[in-house]
Amino acid sequence: MKEWTYKLLPHLPHPPQSLIEIIVDSRRPELSHFSSEDDKYLGIKKREDWKDQSYDWIQPMASNKNMRHHFKKDFQNWIAKNITSEFQFSNSGIMFFDEPQLPHTDVTRDFVLLYNLKTGGDNSKLCFWKEIDRPLIRNRMTVSERGQHLELIDSVNGPFNCWYIMNTRIIHSVEHVTELRLNLQVSFDKEIPKDLLNNF
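Bear in mind the structure is a predicted one, so any value in this text is a computation, not a measurement.

Engineer: Tell me about unusual backbone geometry, and please be specific about residues and values.
Structural biologist: Here the bond from Gly158 into Pro159 is cis, since omega is -15°, no more than 30 degrees from zero. When you line up the elements, Pro159 lands in the loop between β8 (150-157) and β9 (163-167). Of note, Asp133 is a non-glycine position whose phi angle comes to about 70°, a positive value. Topologically, Asp133 is positioned in the loop between β7 (125-131) and β8. Non-glycine residue Asn161 carries a positive phi angle of around 55°. Secondary-structure assignment places Asn161 in the loop between β8 and β9.

The structure is reproduced here in structure tokens:
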């Protein structure tokens, strides 16, 4: 398959409001709780800290305060029944973007299916980048400063009100964020389930 950045999947069902209301009000723990040795508050400082371990909260990148809260069983069950049963149960959850992230590749997965509950503002834009003279597909946990060495190769406003899937080994960032960005994240380690691939 030719390399791709993201794909919108508007045919997938919207998450139920009853479940969203349960998880949106989660209070984030203090950063001092997070450690690479803590199985409740996992803090990733370097790539080797990720060992497919379970967690309740994760701070995936030490460079910012953003964190993800593990889905509870009822939401996992809804995803398995309505979206796909082939996902990383222990590495999926609701992500709170409290501050902008540098352009990066993800640490814990190669692909992720997302649904924005809050987009970070009407002008927020998901952007994909290629570092000049470097390959498009990069190692996990690659981080880059913004600058002229990055070439914008694709972008999308929002996205709003639909599921979308991303290739997270392509450098990406969300630009023009003015408020909280909050999304559901269904993680896939190295492969996308065939039932989702068939909808591309």
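Once you've had a look at it, read on.
Engineer: Describe in detail the packing of aromatic side chains, supporting the description with residues and values.
Structural biologist: In this structure the tally under the stated criterion is nine aromatic pairs. For the ring pair Phe75 and Trp78, a centre distance of 5.9 Å and an interplane angle of 45° mean the geometry is tilted. Of this pair, Phe75 and Trp78 both sit in helix α2 (residues 73-82), three residues apart, which is roughly one turn of the helix. Comparing Phe75 with Trp78 shows no difference in burial state: the two are buried. Among the aromatic residues, those joined into a ring-pair cluster are Phe71, Phe75 and Trp78.

Engineer: Which residues make up the pattern of salt bridges, and what are the values?
Structural biologist: Taken as a whole, this structure holds nine salt bridges when the rule is applied. Here Lys40 ties to Asp56 by a salt bridge, and the two come within 3.1 Å at their closest N and O atoms. Of this pair, Lys40 sits in the loop between α1 (17-24) and β2 (41-43) while Asp56 sits in the loop between β2 and β3 (57-59), and the two are 16 residues apart along the sequence. The exposure class of Lys40 is partly exposed, given its relative accessible area of 37%. A salt bridge links Lys46 to Asp49; the shortest N-O distance between them is 3.2 Å. Here Asp49 falls in the buried class, since its relative accessible area comes to 5%. Through salt bridges with shared partners, one network takes in Lys40, Asp56 and Lys72.

Engineer: Could you give an account of the nonpolar core, naming the residues involved and the relevant values?
Structural biologist: Ile79, Ile83, Leu113, Trp163, Val186 and Phe188 are the most contacted members of the largest nonpolar core, which totals 27 residues. Broken down by element, this core gets its largest block of residues, four residues, from strand β11 (residues 181-188). Other than its neighbours up to four places away in sequence, Ile83 contacts Leu12, Pro13, Trp78, Leu113, Trp163, Asp195 and Leu196. Among the nonpolar cores identified, the runner-up in size contains ten residues, and Tyr6, Leu114, Val156 and Ile170 belong to it.

Engineer: Quick rundown of the sheet that holds β2? Include the residues and the values.
Structural biologist: With mixed pairing, eight strands are arranged side by side in an open sheet as β1-β9-β6-β11-β5-β4-β3-β2. Two strands bound the open sheet, and with one partner strand each, they are β1 (6-9) and β2. Adjacent strand axes in the sheet meet at a mean angle of 25° when their direction is disregarded. When β3 meets strand β4 (residues 67-70), the two strands line up antiparallel, connected through two bridges. Note that in β4 the partner of Trp57 across the bridge is His69.

Engineer: Break down the side chain of Arg140 for me, citing the residues and quoting the values.
Structural biologist: Summarising the element assignment, Arg140 is placed in the loop between β7 and β8. Of the polar contacts made by the side chain of Arg140, one reaches the side chain of Asp189; its length is 2.7 Å. The residues touching Arg140, leaving out its near neighbours within four places in the chain, are Arg47, Trp50, Thr105, Asp106, Val107, Thr108, Arg109, Asp110, Asp189 and Lys190.

Engineer: Please provide a residue-by-residue account of the side chain of Asp56, values included.
Structural biologist: In this structure Asp56 comes out as buried when scored by relative accessible area, which is 17%. Excluding residues within four positions of it along the chain, Asp56 makes contact with Asp39, Lys40, Arg68, His69, His70 and Lys72.

Engineer: Please set out the layout of surface pockets residue by residue, giving values where relevant.
Structural biologist: If you add up the space inside the largest pocket, you get close to 360 Å³. As for the largest pocket, its lining consists of 28 residues, of which Phe97, Gln101, His104, His172 and Gln185 are closest to the centre. Where the lining of the largest pocket is concerned, the elements lending two or more residues are β5 (93-97), β6 (111-119), β9, β10 (171-175) and β11. Of the residues contributing to the lining of the largest pocket, the split by class is 13 nonpolar, eight polar and seven charged.

About the criteria used
Residues numbered from 1 in each chain as written. Predicted model: local features only at pLDDT ≥ 70, side-chain atom pairs only at ≥ 80, totals over all residues. Heavy atoms only, no water. Helix = DSSP H or I, 4+ residues; strand = E, 2+ residues; numbered from the N terminus. Phe/Tyr/Trp six-rings, centres within 6.5 Å; stacked < 30°, edge-to-face > 60°. Buried < 20%, exposed > 50% of the residue type's maximum accessible area, 1.4 Å probe, protein only. Salt bridge = Lys/Arg side-chain N within 4 Å of Asp/Glu carboxyl O. Core = buried A, V, L, I, M, F, W, Y, C linked by side-chain atoms within 4.5 Å. Contact = heavy atoms within 4.5 Å. Pairing = 2+ DSSP bridges. Axes fitted to C-alpha atoms, helices over the stretch in contact; angles between N-to-C directions. Polar contact = N/O pair within 3.5 Å; in protein donor to acceptor, adjacent residues only side chain to side chain. 1 Å grid on protein atoms, 1.4 Å probe; cavity = no way out; pocket = protein on both sides within 12 Å on 5 of 7 lines; lining within 4 Å. Points joined across faces, edges and corners; volume = space filled by probe spheres on them. Nonpolar A, V, L, I, M, F, W, Y, C, P; charged D, E, K, R; others polar.

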